[in-house]
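# Commentary on secondary and tertiary structure
In case you want the letters, here they are:
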Amino acid sequence: MLGYILMRLTHLIPLLIVISIISFIVITLPPGDYLTSHITRLQSQGTSVAQEEIERLKRTYGLDQPAYQQYLRWVYRIVRHGDFGMSFQWERPVRRVIGERIALTMVISICTIVFTWVVAIPIGIYAATHQYSFLDYLFTFFGFIGLAIPNFLLALVLMYVAFAHFDLSVTGLFSPEYAAASWSFGKFIDMMQRIWLPVIVIGTGGTAGLIRVMRGCLLDELRKQYVITARTKGLAESRLLFKYPVRLAINPLISTIGWLLPAIVSGEAITGIVLNLPTTGPVMLQALMSQDMYLAGSFVLILSSLTVIGTLVSDILLAWVDPRIRYGGVSEK
Amino acid sequence: MDQQKANVLLEAKDLKVDFILDEGTVRAVNNVSLTVKRGKTLGMIGESGCGKSVTAQSILRVVPSPPGRIVGGSILLYAMNGDASVDIASLDPKGKAIREIRGREISMIFQEPMTSFSPVHTVGNQIGEALILHRRFSSEKARQESISALARVGIPKPEQRVDEYPYQLSGGMRQRAMIAMALSCSPRLLIADEPTTALDVTIQAQILELLRKLQDEEGMAMLIITHNLGIVAEMAEDVVVMYFGYAVEYGDVNQIFEAPLHPYTRCLWDAIPSIDKKSDRELTTIKGNVPDPFSEFAGCPFFERCPEAMPERCELSPPPLVEVVAGHRVRCFLYEVKANG
Ligand SMILES: Nc1ncnc2c1ncn2[C@@H]1O[C@H](COP(=O)(O)OP(=O)(O)OP(=O)(O)O)[C@@H](O)[C@H]1O
Ligand SMILES: [Mg+2]
């Protein structure tokens, strides 16, 4: 097991290098850069920009150097100082712009994942073990509604209901008195009181999907011979259910944890905007639209790295729960 | 007669099992009666789809339900000594009473040793489970017991195998492990549903040999389900022949092999390829096909394929069960005539 993890970790390094190169290429690919469009904007407003001023700006941002040098400088700073470069638009280091947002996004996302699993797995198990029962149909019905409603719409509806019926204003993650305050226990409590709304909004679609997947996987497993074998040994139904088929049905779901990591950062930009959340989604959208090169590039890099790391985490978890993968899987029928 | 009764371990009477499907009802088991004697082997033969597995599943109440349901009859399991018996057919399939029987009184092994094990639990874990459950063993004691169970079924290096996963074992090994698992609590009846069909011929012989040896040691009874007449001839003391959910003939192995009564049994016998037959005639097969599982018959389901069919008679009403010689029963009109003299 340890050997397996080490092997996978060594494979990770070249992959991350390739990813950083691709991220950089992607962000320099579109014609023009932030500076050019910035200068054009200034000039169109009638402000003349002196040539030496332009040169100075170019030097500060390293735009006068050849691309590969810009790349090397960018990567070197990330590795040495955790410095992702400057955001042109915000005129602040990228790290300052997205640092807290990433942390908050993570909090929301992890809560969402927990919410999704805690709600979906038991319902999926119930639906599979009571196939075609009234509740199974009911969950199926709500499941499809949950899948079909776009999150931003759900967000608007919930906000309206909360405001109209409970006189609650639930946008943002903090109430005004805490928004600018530094972290304290009070601020944490304040966040917890508001976090449920984004969690429900973001988690509904995933929960509905996961219920379907869990139900389907478990129905498959329940038909398998080993379940009957276990039953013929005299095991009680509930013990049997959780020891064998549920355990095997959850295995494929574990691989989905890997995709959740990048979704954590990129996901839910629209919900984030609608709910006015201090998360990464809205910022990323802006950065991409205004060609804020280092900011956008950092997002691409972080997202891709998270994808790779997420996949690794999934694989390790899978190997941990499934011996067939752990031992290099001989598949034999 | 009482003497005979004392030898009976399990007795199914007029067992009926239906599968209610969207396309219709499959009467998988129709008024099947059979007797398993203590310490003896009953062989069950019949073409694919004739209800052998469903009969076996009914005995442990593991018929998939829905769609399956026991709709009639009884399955009496007699106590160790004396007349006390439980009717398995009337138990709650999820209840405690049947769970106490499963794995302890009656166990089962299956055709597919690969899919019969959970792929993500060790062999030892799955073997020891019944011991922890029925004998209240600690997990360490169950593990030790699993090792000796593996040794008893002839698995080399059992102390290493016990911690391995099923896919690390070969097919024959897995079937041995399966047997070790089924026998862990020394059941009184072992049901083996085509235990060797998935294995190659040499391994088949070894597994059958092993079953016989263990039967001698344990004194347990067996119900062996198979397509293979050779296995029945070799292993069984009694035989039941199934056709389309009916037990068409029941008797001891000599009666069935030397004086088969039902036309279907005779056809089966004629269909066995043999060296002397080859010279003068082609391999005989039974004419026609097994009927569609949804079909309903007013009379004998074998009528259309039967070489000795009596039009009118066999077609219109179900054939009676006739005891032609003591212990030799057949479901056929041909013998009703004789019985009536
Ligand atoms: N789970 C099930 N759902 C629906 N129908 C079933 C089910 N199990 C068995 N049947 C039906 O019951 C009938 C008897 O099946 P069974 O499995 O007992 O046959 P079998 O004699 O064991 O055949 P084989 O030799 O192929 O194993 C078949 O017609 C089959 O279609
Ligand atoms: Mg079968």
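Residues numbered from 1 in each chain as written. Chains lettered and ligands numbered in written order. Predicted model: local features only at pLDDT ≥ 70, side-chain atom pairs only at ≥ 80, totals over all residues. Heavy atoms only, no water.

Our next topic: the overall build of chain B. Along the backbone of chain B there are 14 helices and 12 strands. Taking 2.2 N^0.38 as the reference for a compact globule, 341 residues should give roughly 20 Å; the C-alpha atoms of chain B span a radius of gyration of 21 Å, in line with that estimate. For chain B, the C-alpha atoms occupy an extent of roughly 65 × 50 × 45 Å along the three principal directions. The buried share of chain B, reckoned over its 341 residues, is 53%. (Helix = DSSP H or I, 4+ residues; strand = E, 2+ residues; numbered from the N terminus. Rg over C-alpha atoms; globule rule 2.2 N^0.38 Å. Buried < 20%, exposed > 50% of the residue type's maximum accessible area, 1.4 Å probe, protein only.)

All names here are of chain B. Neighbouring ligand 1 are 17 residues, the closest being S48, G49, K52, S53 and H227. In this structure, C50 approaches ligand 1 through a main-chain N or O atom, which is 3.2 Å from an oxygen atom. The separation between an oxygen atom of ligand 1 and a polar side-chain atom of E194 is 3.2 Å. Here ligand 1, which alone exposes 630 Å², has 71% of that area covered by the protein. Looking at the shell around ligand 1, the elements that each hand over two or more residues are β1 (8–21), β2 (24–37) and α2 (52–60). Among the elements that take part in the shell around ligand 1, α2 stands out by supplying 3 residues, more than any other. Among the residues forming the shell around ligand 1, the class breakdown is 9 nonpolar, 5 polar and 3 charged. (Near = heavy atom within 4 Å. Polar contact = N/O pair within 3.5 Å; in protein donor to acceptor, adjacent residues only side chain to side chain. Areas by Shrake-Rupley, 256 points an atom, 1.4 Å probe, with all protein chains shown as cover. Nonpolar A, V, L, I, M, F, W, Y, C, P; charged D, E, K, R; others polar.)

This part covers the environment of M192 of chain A. Residue and element names in this part refer to chain A. Among the structural elements, M192 can be located in helix α9 (residues 185–222). For M192, a relative accessible area of 34% puts it in the partly exposed group. Remark: the alpha-carbon pair of M192 and T129, spanning 63 residues in sequence, is separated by 34 Å.

Here the focus is the pattern of salt bridges. Residues and elements named next belong to chain A. This model, assessed by the stated rule, comprises 20 salt bridges over all chains. A salt bridge links R223 to D220, with the shortest nitrogen-to-oxygen separation between them at 3.6 Å. Classification of R223 as exposed rests on a relative accessible area of 58%. For D220, a relative accessible area of 44% puts it in the partly exposed group. (Salt bridge = Lys/Arg side-chain N within 4 Å of Asp/Glu carboxyl O.)

Let's shift gears to the packing of aromatic side chains. The full count for this structure, using the stated rule, is 13 aromatic pairs over all chains. Here F24 of chain A and Y71 of chain A contribute two aromatic rings whose centre-to-centre distance is 5.5 Å and whose plane-to-plane angle is 65 degrees, an arrangement assigned as edge-to-face. Placement of the pair is F24 of chain A in helix α1 (residues 2–28) and Y71 of chain A in helix α4 (residues 67–81), with a sequence separation of 47 residues. On the basis of an interplanar angle of 15 degrees and a centroid distance of 6.5 Å, the ring pair of Y165 of chain B and Y167 of chain B is categorised as stacked. Since its relative accessible area comes to 11%, Y165 of chain B is described here as buried. Each member of the aromatic cluster is reached from another via a ring pair, and the members are F24, Y71 and W74 of chain A. (Phe/Tyr/Trp six-rings, centres within 6.5 Å; stacked < 30°, edge-to-face > 60°.)

With that out of the way, let us pick up the sheet that holds strand β11 (residues 321–325) of chain B. Residues and elements named next belong to chain B. One open sheet accounts for 8 strands, arranged β6-β7-β8-β3-β9-β10-β12-β11; its pairing is mixed. Looking at the sheet topology across the chains shown, the edges are occupied by β6 (106–109) and β11. This sheet shows a mean twist of 20 degrees between the axes of neighbouring strands, independent of strand direction. Running at roughly 145 degrees to β6, α2 makes contact with β3 (41–45), β6, β7 (189–193), β8 (221–225) and β9 (238–243) of the sheet. (Pairing = 2+ DSSP bridges. Axes fitted to C-alpha atoms, helices over the stretch in contact; angles between N-to-C directions. Contact = heavy atoms within 4.5 Å.)

This paragraph deals with α1 of chain A. Residue and element names in this part refer to chain A. Look at α1: 40 Å from first C-alpha to last across 27 residues, which is about the 39 Å you get at 1.5 Å a residue. Every buried residue of α1 is listed here: Y4, R8, L12, I19, S20, S23, F24 and I27. If you follow the buried residues of α1, they end up packed against α4, α15 (293–321) and α16 (323–326). (Expected span 1.5 Å × (residues − 1).)

We now examine the nonpolar core. In this structure, L10, L34, I106, I179 and L189 of chain B are the most contacted members of the largest nonpolar core, which totals 73 residues. Top contributing element to this core by residue count: helix α7 (residues 171–183) of chain B, with 8 residues. Discounting residues that sit within four places of it in the chain, L10 of chain B has contacts with L34, T35, V36, I59, I75, L76, L77, I88, I106 and L189 of chain B. L57, I98, Y294 and A296 of chain A belong to the second-largest nonpolar core, a separate cluster that totals 34 residues. (Core = buried A, V, L, I, M, F, W, Y, C linked by side-chain atoms within 4.5 Å.)

The next thing to look at is the confidence of the model for chain B. Of all residues in chain B, 93% have pLDDT values of 70 or greater, and the mean over the chain is 88. Here the prediction assigns the complex a pTM of 0.81, and the interface score ipTM is 0.87. (pLDDT = per-residue confidence, 0-100.)

For the rest of this paragraph, the subject is unusual backbone geometry. Residues and elements named next belong to chain B. P66 follows S65 through a cis peptide bond whose omega is -10 degrees. Residue position: P66 is located in the loop between α2 and β4 (68–78). Going from P66 to P67, the amide bond is cis rather than trans, its omega being 10 degrees. Along the polypeptide, P67 turns up in the loop between α2 and β4. Of note, the phi angle at D14 is positive, near 50 degrees, even though the residue is not glycine. What makes D14 partly exposed here is its relative accessible area of 42%. Positive phi, normally seen in glycine, also occurs at S186, with a value near 50 degrees. By the secondary structure assignment, S186 is in the loop between α7 and β7.

This part is about the side chain of K52 of chain B. All names here are of chain B. Its place among the elements puts K52 in helix α2. No salt bridge is formed by the buried K52; the nearest opposite charge belongs to E194, separated by 4.6 Å. Among the polar contacts made by the side chain of K52, one reaches the main-chain carbonyl oxygen of E47 at a distance of 3.1 Å. If near-sequence neighbours (up to four positions away) are discounted, K52 is found in contact with M44, I45, G46, E47, E194, I225, T226, H227 and M242. (Lys, Arg positive; Asp, Glu negative; His and termini not counted.)

Another aspect to go through is the side chain of T116 of chain A. Position of T116 of chain A relative to the elements: it lies in helix α5 (residues 94–129). With residues up to four places along the chain from it excluded, the contact list for T116 of chain A reads I121, G203, G206, T207 and L210 of chain A.

Time to look at the pairing of β7 of chain B. Residue and element names in this part refer to chain B. Within β7, 5 of the 5 residues are buried, which leaves it mostly tucked inside the rest of the structure. Of the two faces of β7, the one holding L189, I191 and D193 and the one holding L190 and A192 are both buried throughout. Inspection of the sheet shows β6 paired to β7 by 4 bridges, in the parallel sense. Its bridge partner lying in β7, S107 is registered against L190. In this sheet, β8 lies alongside β7 in parallel orientation, the contact comprising 5 bridges. Residue pairing for β8: A192 is matched across the bridge by I224.

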